[in-house]
Number of protein chains: 2
Amino acid sequence: MSTTNNVNGTASNEVLNSPFLKAIVQQVRGQDIYGVYKTWADDLLLKPYIVSKQKKREIPVDGDVDLMTKSRILTFYRGIAACIEQETGLMSQVVVDIGHEGFGWALVFSGRLLLTTRTIRDAHRFGFDSLEKLAEEGEKLIAKGVELAKTYPEVGKL
Amino acid sequence: MSTTNNVNGTASNEVLNSPFLKAIVQQVRGQDIYGVYKTWADDLLLKPYIVSKQKKREIPVDGDVDLMTKSRILTFYRGIAACIEQETGLMSQVVVDIGHEGFGWALVFSGRLLLTTRTIRDAHRFGFDSLEKLAEEGEKLIAKGVELAKTYPEVGKL
């Protein structure tokens, strides 16, 4: 509901130290085979993840979800997977399945254990109020995944 | 390798008693909101699942996987989920994610437990030599899923 969202991407350095945000940045840079983002600052790379409530309302939710949004969602969950791997050593797979209406699932799993299960709604409008919110959301999912991996290590290694 | 595939859909009654084939038929009939298949025999409904090796070779694997094939794959895994539920009482979700090149994942899960994990290749050519092969393949996946559900009931109920 707040209108003081950090939509211009000028974040404090502090939040950029979030391991999750670093993981997203690393995913993006890892896919940057033409070196386009080489000179871009981290917060600029993360900027598309910040979508204000106002802007969300302006995005229509009918029709296909555009490819860049899909790729942003996939990168979000790949960041989750990378952070869980860092803490637990479990290699995981990421499956994001979004239908033409913006509904679907995001799953991160290792062996037979689901580390993250998320239903997706209104994928067209995927985004967060601020980098802080993005980091917070990611770290919540990572903590849950790490907890599951530690509670059921046997299932994660199947 | 055999060329005596049962491609004309005239199956013996015996294989049609397979609980898995019955589950697929039930899925198809359950989606038949216009009653189009009401008068169709079970083996006729299952016929599209039978694709001979020869016919597979003729299906190009480039471009998008057509919607009917996708829906057939989804119904296959929904049949698996239904049979596992019948034996274990675990309600499960089915996620099938196929990219434009026919590669992807098919997942059946309950709680945090993956009952079925399958990578999909050449989805365009999804099909089986015979109803017997279809039933066999399904029952193998069901048996594995049931075994996992019984070994890790706690994870399946998370």
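What counts, and where the lines are drawn
Residues numbered from 1 in each chain as written. Chains lettered and ligands numbered in written order. Predicted model: local features only at pLDDT ≥ 70, side-chain atom pairs only at ≥ 80, totals over all residues. Heavy atoms only, no water. Helix = DSSP H or I, 4+ residues; strand = E, 2+ residues; numbered from the N terminus. Expected span 1.5 Å × (residues − 1). Buried < 20%, exposed > 50% of the residue type's maximum accessible area, 1.4 Å probe, protein only. Arc of directions from axis to C-beta. Contact = heavy atoms within 4.5 Å. Least-squares fit on C-alpha atoms with pLDDT ≥ 70 in both.

(A) Examining helix H6 (residues 131–151) of chain B more closely. All names here are of chain B. End to end, H6 covers 30 Å across 21 residues, agreeing with the expected 30 Å (1.5 Å per residue, within 8%). Regarding H6, the residues found buried are Leu131, Leu134, Ala135, Glu137, Gly138, Leu141, Ile142, Gly145, Val146, Leu148 and Ala149. Looking straight down H6, one finds its buried side chains confined to an arc of 165°; they lie on one side. Along H6, exposed side chains directed more than 90 degrees from the buried face belong to Glu136, Lys140 and Lys150. Along its buried surface, H6 packs onto helix H1 (13–16), helix H2 (19–30), helix H3 (42–46), helix H5 (67–88), strand E3 (113–120) and helix H7 (153–156).

(B) Highlighting the relation of the copies chain A and chain B. Overlay of chain A on chain B (RMSD 0.0 Å): rotation 180°, translation along the axis 0.0 Å. Here the copies are linked by what is in effect a two-fold axis. Taken as a fraction of all interface residues of chain A, those also at the interface in chain B reach 100%, which identifies the copy contact as same-surface.

(C) Structural view of the side chain of Thr75 of chain A. One can find Thr75 of chain A in helix H5 (residues 67–88). Classification of Thr75 of chain A as buried rests on a relative accessible area of 4%.

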